Amino acid sequence: MTDERYAPYQEFLGLPDELKPPGEPRVAILPIPYDLTTSYQPGARRGPLAILEASTHLETYDDELDVETFEVAPIVTEPAVVPDTSGPEATMARIERVARAVVDEGRFLVGLGGEHSVSAPLIRAVRSRHPRLGVLQLDAHADLRDSFEGSPANHACVMHRVLDDGVPIAQVGIRSLTAEERALVRDRKVCTVFAPEAVNEPVDRWIGRVLDALPEEVYVTVDLDAFDPAIMPATGTPEPGGLSWYRALDVLREVARVKRIIGFDVVELAPMPGNVAPDFLAAKLVYKLLGYAFLLGPGAERT
Ligand SMILES: [Mn+2]
């Protein structure tokens, strides 16, 4: 263990050794307990552990896919990345270094945040193997500011960093942004499905725009505030009018069917004492998305 990594956390699913499938893990879960630039309710640094704990209560059988997902996609839980206290830029560099090592082992990367800024280095790491990837972002916020509170590594800037890297993106569930971000969406022709449409209009009326904006290989970043705060109140900046559980799954399933999901992250869980439902939602989403990535679409194990 180096000083860049914490000792292993609770493992995702927490399976006893005799139930773990033999052979090399294909999926690496990377916990990133970091929330240095959070602007409203702090606590996202406690998100990864809450997701891992909740995951031990998941049913491992996915009834929609009719499969024990972990048998098709054996999972290893990596030691967590320790934030670099010298600042956000140093932490971003460290996350990228650690994530690259995971990706270089040929594993499917699943990042657990932590605040949303961690997605930029995760995406860079996955791009080193999949240089033509695009990014699907589920989020309440556009996260397209150039810089915020003096830092380009702020959580509110994560998708601007991704655009700067020349990566095509599609956003779903957006319902809070600045005039500058709105102009950027127009000028750069970003595919943004705003929340009123994403929530109220049938998916098949707009999902084509999302699919058209994305290349064949897709990295998914889920900021949990994309969900409605009625079911996901445990985020740093909850916004009314978000996605339902089933609406979010409809989007992810459709993208997984048509594209190839090659990595993802689930970020911004700020656990609330006394309410474990959001933790459980986040854990189930991770497992569900793994199932979609490995079992649906071109190149999948089974279609
Ligand atoms: Mn975000």
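Read on for a plain summary of the structure. Small disclaimer: the values here were computed from a predicted structure and weren't measured. (Residues numbered from 1 in each chain as written. Predicted model: local features only at pLDDT ≥ 70, side-chain atom pairs only at ≥ 80, totals over all residues. Heavy atoms only, no water.)

### Focus: the overall build of the chain
Alright, step 1. Per the secondary structure count, the chain includes ten helices and ten strands.
Alright, step 2. For the chain, the C-alpha radius of gyration of 18 Å lies close to 19 Å, the compact-globule estimate for 303 residues.
Alright, step 3. Taken over 303 residues, the chain has a buried fraction of 58%.
Alright, step 4. Sequence-distant contacts in the chain: of pairs separated by 6 or more residues, those separated by 24 or more amount to 77%.
Alright, step 5. Accessible surface computed for the chain: about 12400 Å², of which carbon and sulfur atoms make up 50%. (Helix = DSSP H or I, 4+ residues; strand = E, 2+ residues; numbered from the N terminus. Rg over C-alpha atoms; globule rule 2.2 N^0.38 Å. Buried < 20%, exposed > 50% of the residue type's maximum accessible area, 1.4 Å probe, protein only. Contact = heavy atoms within 4.5 Å. Areas by Shrake-Rupley, 256 points an atom, 1.4 Å probe, with all protein chains shown as cover.)

### Description of helix H1 (residues 47-55)
Alright, step 1. In terms of burial, H1 is largely enclosed, as seven of its nine residues are buried.
Alright, step 2. Every buried residue of H1 is listed here: Gly-47, Pro-48, Ala-50, Ile-51, Leu-52, Ala-54 and Ser-55.
Alright, step 3. In this structure, the buried side of H1 is in contact with strand S1 (27-32), strand S4 (75-77), strand S5 (108-113) and helix H10 (277-295).

### Comments concerning the coordination of the manganese ion
Alright, step 1. Donor atoms from the polypeptide that bind the manganese ion are His-116 (ND1), Asp-139 (OD), Asp-143 (OD) and Asp-223 (OD), placed at 2.0 to 2.3 Å.
Alright, step 2. Binding-site remark: the manganese ion is held by donors from one chain whose sequence spacing is H-x22-D-x3-D-x79-D.
Alright, step 3. Assessed through its relative accessible area of 0%, Asp-139 is described here as buried.
Alright, step 4. By relative accessible area, which is 5% here, Asp-143 ends up buried. (Donors = N, O, S within 2.8 Å, 3.2 Å for Na, K, Ca; no water.)

### Let's talk about the pairing of S1
Alright, step 1. Most of S1 is tucked away, with six of its six residues classed as buried.
Alright, step 2. Alternating residues of S1 divide into Val-27, Ile-29 and Pro-31 and Ala-28, Leu-30 and Ile-32, and every residue in both groups is buried.
Alright, step 3. Of the strand pairs in this sheet, S1 and S5 are connected by six bridges, and their pairing is parallel. Of the residues in S5, the one forming a bridge with Ile-29 is Val-110. (Pairing = 2+ DSSP bridges.)

### Quick notes on unusual backbone geometry
Alright, step 1. Backbone torsion omega between Gly-113 and Gly-114 reads 15°, so that peptide bond is classified as cis.
Alright, step 2. The backbone phi angle of Glu-149 is positive, close to 50°, even though this residue is not glycine.
Alright, step 3. Examined against the element boundaries, Glu-149 turns out to sit in the loop between strand S6 (134-138) and helix H5 (158-164).
Alright, step 4. We note that Lys-189 has phi near 50°; this positive angle belongs to a residue other than glycine.
Alright, step 5. If you trace the backbone, Lys-189 turns up in the loop between helix H6 (179-187) and strand S8 (191-194).

### Considering the nonpolar core
Alright, step 1. One finds Leu-136, Leu-138, Val-210 and Leu-224 to be the most contacted residues of the largest nonpolar core, which totals 64 residues.
Alright, step 2. Ranked by residues supplied to this core, first place goes to H10 with twelve residues.
Alright, step 3. Residues Ile-32, Ile-169, Val-190 and Ile-262 belong to the second largest nonpolar core, which totals 36 residues. (Core = buried A, V, L, I, M, F, W, Y, C linked by side-chain atoms within 4.5 Å.)

### Topic: the packing of aromatic side chains
Alright, step 1. Here the structure, examined in full by the defined rule, presents four aromatic pairs.
Alright, step 2. Ring plane angle 65° and centroid distance 5.8 Å describe the contact between Phe-108 and Phe-264, whose orientation is recorded as edge-to-face. Residue Phe-108 is found in strand S5, and its partner Phe-264 is found in strand S10 (residues 260-267); the two are separated by 156 residues along the sequence. Across the pair, exposure class does not vary: Phe-108 and Phe-264 are buried alike.
Alright, step 3. Their ring planes at 25° and their centres at 6.4 Å tell us that Phe-227 and Trp-245 sit as a pair that is stacked. Within this pair, whereas Phe-227 is found in the loop between strand S9 (217-223) and helix H9 (245-258), its partner Trp-245 is found in helix H9, the two being separated by 18 residues in sequence.
Alright, step 4. Here Phe-227 falls in the buried class, since its relative accessible area comes to 2%.
Alright, step 5. On the basis of relative accessible area, Trp-245 is assigned to the buried category, the value being 16%. (Phe/Tyr/Trp six-rings, centres within 6.5 Å; stacked < 30°, edge-to-face > 60°.)

Just distances and angles here, no functional claims.
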